[in-house]
Structure formats: structure tokens, C-alpha cells
Amino acid sequence: MSVSGKMKAASDGLKYDDAEHDPVTSVLRNGDVPDFDDSMDADERVITALGYKQEFKREFSLWTTFCVSFAVLGLLPSFASTIYYGMGYAGTAGMVWGWIIAMVFIQCVALAMAELCSAMPTSGGLYYAAAVLAPPGYGPYAAWITGWSNWIGQITAAPSVDYALAAMILAAGSIQSPGYTPTSWQTFLLTTLIMIVHAVISSMPTKWVAVFNSWGSTLNMLALVAVIIAIPAGTINSPKFTPSKEVWGTITNMTDYPDGVAVLMTFVGVIWTMSGYDSPFHLSEECSNANIASPRAIVMTSGVGGLMGWFLQLVVAYTVVDIDAVLNSDLGQPWASYLFQVMSRKGALSILSLTIMCGFSMGQGCMVAASRVTYAYARDDCFPLSKYWKQVNDTTKTPVNAVILNAVLGILMCLLLFAGDVAIGALFSIGAIAQFVAFAIPIAIRVFFVGNRFRRGPWHLGPLSPWIGGFGVGFVFLMVPILCLPADTGSNLTPDLMNWTCLVWGGPMLAVSIWWVVDAHKWFKGPKVNVEHAIHGNIVDIIDGEQEQNAATLPDASTDQSGRSSPKL
């Protein structure tokens, strides 16, 4: 039994009873679309058609959404935090070639994600998409795995950034006072303080958060341009630049693997740096004109970030003198070591200060994005005590409880630094592998299982969609084992040199998989609609009763009678 759900006349003429004009791919079946109030704007109608109430204020625009995601990307502090991987595995050739190759495929992932975002602009993002697009009966499991992998990647982002930020601050302190050597406890306590400050900012009203991130992202962009110009202009070495033949043609393999594998291993820095462009997806419920602005913000972030990041790679590759000295400096921070190798003391401290300020903005952006993901998953009761984490604060209209949960978990994860550099370094690899696995699952389902049944949003890739998505998915599945490789093998491999990514990411994922088999499959049915106030009659009972078997069922009217796919809106 289904209830007719014709939409009332709307100012923009969208009709939800006509598949050819339906702008979303929803967990609600075609006949279960609710009635809409004339007072609803286009964004509220879209989120209601996806099955959710409008709970946030839509105070993010295309620009401010891009600012949050670009702040999360944080090219300058991200590069500073992961320079060890790009430079330390394959030298300068690995840096410049690795970034180009990786970015081609990362753009494919970003474009395919943007298409999903346009069709399903909700905070649940990839988790929601996996549930809706999966074959009947598999939606809840696809959502479960996607959601947990994405969440693990999200909650490790802020602590990894803030740990690197604390290390840079203390490195600057040891430069100013040569007799000072930072201890692990000092690094942990400073990281904890930064996490708390970021949690406070992320709990503020949406408008304040948007303004803060706008300024932070502007600083990130200006600082990045300034650094790209300042390093070549201010280098003190003679000659100033390394010959292009050496930069592009000499692979300095510092691993026990062949050169090609060493270059692939440098991708961990690129992937971790470029893992923030999904933020507009998670902020879409707070963004105006979300099913167009949010996918545009995703593409802008990946495109601008990819290009400017490569320029930074070139600058460092052409100016670095001694890679081994950079990686093994007593400062304990390769970026600071590099700056003091190629610049004057004053210039190096200036750039390090800019990096620290950008890192603070980046960490805060990571905290905001992660809190929205936690809220979205708690809304569907994915976590223990979800009723607390899904609450929206009455005063700020933001998910304050979710922010607090993420901050506490992040602080606990930073205890890994007491186990050594390799252990705390696993946070970076986890973020890379967890995020990209979560990115790939719904895209793979969209490309290989859905076909023409996918109902595109107003922003889409047209006939190139399956090709672009396929290349992106193939890249991710190639990189998953690569991201788990240690640099050393055989007798050279010791516990302190082991790559613990497979354990630190794989352990929790194995645990949630066992949880699914033992218990979660009985009660977790994917995204839970909460639009009771907008649905007429007894349709809520119908949806609740049928969702157990049909949570992943696509709307069966995604093509018209002639078999044509839904055109652009």
C-alpha cells in the first residue's frame, strides 16, 4: 500500500510526482513522497524529499562552504605534516610525479562524489548514498560499512592535524631556545588544548562558524601563495635551484621496494592532504542551494587544491638540498628542518608561523566537518547512546554534543604519541585509507550496480559519469594495500618501523563487521526518515514497516516511459 505524494504548487515548478523533474535520489520510494507546505523553499523541499526535517539554518553559501572544505584541505599545513611521506619514500621525482599521477585519479573520485552530492545533499553524505544505491537487501550493510569507515577517517582528521600543529609550535620554541627539547607530555597537553579550543569554536552558531572558516580559508590561500613565492625568492643556497633533470628524473628510493612501488607509496601524503573535499557533502544541510552549490564546492576544492598543491611540491623539490638531513633533523619536524635548510632564520620562522596559523584553521575545519558526520550517523542510531549525540543545541542550532564526543575521542587517540612516532603517524595513514574507502563504496555501487536507475541531480557528469567513477574506484582499490606497506622489509623491519595502518584501521572495521553479523543487522536498517510532521495520513507507519526490507530500494520511476534518463533540472 502506498500513499500518493504529489507536491503542492511551488515557486520553482519542481514536481515530485513526475520522475523527469525529480531532483533527488531518495530512500523514500516514489509513492511515499510527502506533501509540501507552500512556505518551504527549494532547499527545504529537497531535504524533506530525502526523508529529513530541516533542522539547521542554511547560512553557508557556495563560497563559505568552499572555505570550510579548503580549510579542511589545508594545503600548507597538510604538506608540512606529510612531507616525510612524499620526500622520504622516493625523493623529489616521487614528489612531483607522484602528485600529478595521484591528482588525476583523485579528481575522478571528487567529480563522482559531487554527482552523488547533487542527487542526495544530506549530512549523511556517502553513507546515505550507499544505502539508497545498493541492491535491494544490501543497503543497510553498505551504509554500515561506508558510515563507519568514513567516521573513523573524520574523527582522526582533527587530532592528526592538531598533533602536527603542536609539534610545529614546539619546534618553533626549540628554535628560539636551542636548549629546549619538547617532551611527549608537552606535545600531548598542547594538542589537547588545541582540540578543546577547536571544539568550542565548532559549537558556535552556524553563522559564526562560517565567518571564522571564511577568514581561515582566506588566510590559507594567501599564505600558500606567499610561501610559493617567498621560498624561491628567499633561498640562501647557491645555486638556488636543483637542475630539472635531477628533480624530475632521479628517484631517491628510500624503501625496500622497486622504484614504481616507492612512487605509489608517496601517494599517502597526497591522499591525506586531498581527503577534505568531501566536507561540502556533510555541510549540505546548512548550505543554501545545496544540490548545486555543494557539488560545485567539492569540485572547486579538489581542483584548486590539486593545482596549488602541485606548485608547492615543485617549489620544495627544486630548492631542497639534503633530503636525509631534513628527515632526520633533531628538530623532529621535517617542514621546519627544510625551511632552515633553504632560508634565513628570520624567513624560516616567518613561514613556519604562517604554517602554524593555517594549521589552526585547518584543524578547526576538520572538527566542524567531523561533528556533522557524527550528528548524521547518530540521527540514524548508528552509535551507542545516539540519542545524546544527535541532539541539536537549542541556542546555537549546532550539534554541540557531537562536537564534544569527537573532541574527547580525538584527545584519547593522541595518547598514541607515547607509543612512538610510527604509532602516532598511523593517524595520517588511517585518515587516508578510511576516507577513500568510504568515498569508493557508493561510487562503485553507482557505477557497477545501479546503471540508468540512478536519478541525477541538477549537477551531473552526463555520459562520462561511469567512466570517471570507474577510474576513481580503481585507483582507490589499488591504493588500499599500498597505504598499508611499511617502508622496510625482511630483517630491516622492526616493530617501531612497522606500518600499523592495517591494524589501527582494520581492527575497528573488523569489530564493526562482527557487530553487524552478531547484532546490528537486526536493528540497523539504514537512514531513518524523520519527516513525520510533513507526511500525511499513516504513511509514517508504512515507511517504518517497509523500510526494513526496502531501505536500499531505489525509486522505481527514475526513467520516463520512453526509457530516457532524467535530464538536467
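Use the structure listed above.
The structure reproduced in this document is the subject of the present report.

Calculation notes
- Residues numbered from 1 in each chain as written.
- Predicted model: local features only at pLDDT ≥ 70, side-chain atom pairs only at ≥ 80, totals over all residues.
- Heavy atoms only, no water.
- Helix = DSSP H or I, 4+ residues; strand = E, 2+ residues; numbered from the N terminus.
- Buried < 20%, exposed > 50% of the residue type's maximum accessible area, 1.4 Å probe, protein only.
- Contact = heavy atoms within 4.5 Å.
- Areas by Shrake-Rupley, 256 points an atom, 1.4 Å probe, with all protein chains shown as cover.
- Patch = residues over 30% accessible without salt bridge, like charges linked within 9 Å, V, L, I, M, F, W, Y side chains within 5 Å.
- Salt bridge = Lys/Arg side-chain N within 4 Å of Asp/Glu carboxyl O.
- 1 Å grid on protein atoms, 1.4 Å probe; cavity = no way out; pocket = protein on both sides within 12 Å on 5 of 7 lines; lining within 4 Å.
- Points joined across faces, edges and corners; volume = space filled by probe spheres on them.
- Nonpolar A, V, L, I, M, F, W, Y, C, P; charged D, E, K, R; others polar.
- Expected span 1.5 Å × (residues − 1).
- Bend = angle between axes of the 7 residues up to and from the residue.
- Core = buried A, V, L, I, M, F, W, Y, C linked by side-chain atoms within 4.5 Å.

## Here's the deal with the overall build of the chain
So, step 1. Looking only at helices and strands, the chain features 21 helices and zero strands.
So, step 2. The burial tally for the chain puts 60% of its 569 residues in the buried class.
So, step 3. Expressed as a percentage of contacts within the chain between residues at least 6 apart in sequence, the contacts between residues at least 24 apart total 82%.
So, step 4. Summed over all atoms, the accessible surface of the chain reaches about 21200 Å², with 64% contributed by carbon and sulfur.

## Quick notes on a nonpolar patch on the surface
So, step 1. There is a patch of nonpolar side chains on the surface, built from Trp185, Leu189, Ile404, Val408, Leu412, Leu415 and Phe418 and spanning about 680 Å² of accessible area.
So, step 2. Elements supplying a minimum of two residues to the nonpolar patch: helix H6 (184-202) and helix H17 (400-413).
So, step 3. Ranked by the residues each element gives to the nonpolar patch, the list is headed by H17, at three residues.
So, step 4. Inspection of the secondary structure assignment puts Leu189 in helix H6.
So, step 5. By relative accessible area, which is 52% here, Leu189 ends up exposed.

## Some details on unusual backbone geometry
What you tend to see is this: most non-glycine residues have negative phi, and most peptide bonds are trans.
So, step 1. For Asn289, which is not a glycine, the phi torsion comes out positive at approximately 55 degrees.
So, step 2. On the secondary structure map, Asn289 appears in the loop between helix H11 (279-282) and helix H12 (290-319).

## Digging into empty space enclosed by the protein
So, step 1. Under the defined criterion, the tally for this structure stands at 10 cavities of 30 Å³ or more.
So, step 2. Forming the boundary of the largest cavity are 17 residues, of which Val72, Ala157, Ser275, Cys366 and Gln435 lie nearest the centre.
So, step 3. Broken down by secondary-structure element, the contributors of at least two residues to the lining of the largest cavity are helix H2 (62-73), helix H5 (139-176), helix H10 (267-273), helix H15 (345-379) and helix H18 (421-450).
So, step 4. No other element matches the four residues that H5 contributes to the lining of the largest cavity.
So, step 5. Looking at the lining of the largest cavity, its residues break down into eight nonpolar, eight polar and one charged.

## Observations concerning H5
So, step 1. Along its 38 residues, H5 runs 56 Å from first to last C-alpha, staying within 8% of the 56 Å computed at 1.5 Å per residue.
So, step 2. Residue Ala157 marks the point of greatest curvature in H5, where the axis turns by about 25 degrees; the proline Pro159 follows within four residues.
So, step 3. Counting buried positions over the 38 residues of H5 gives 34, a clear majority of the element.

## Quick word on the nonpolar core
So, step 1. One finds Ile106, Met120, Ile231, Tyr277 and Trp335 to be the most contacted residues of the largest nonpolar core, which totals 165 residues.
So, step 2. Among the elements that take part in this core, helix H3 (residues 75-119) stands out by supplying 23 residues, more than any other.
So, step 3. Once residues within four sequence positions are removed from consideration, Trp335 is found in contact with Leu76, Phe79, Ala80, Ile83, Met168, Val227, Ile231, Val316, Ile351, Leu352 and Thr355.
So, step 4. Within the second largest apolar cluster, five residues are counted, among which are Val96, Val247, Leu314 and Tyr318.

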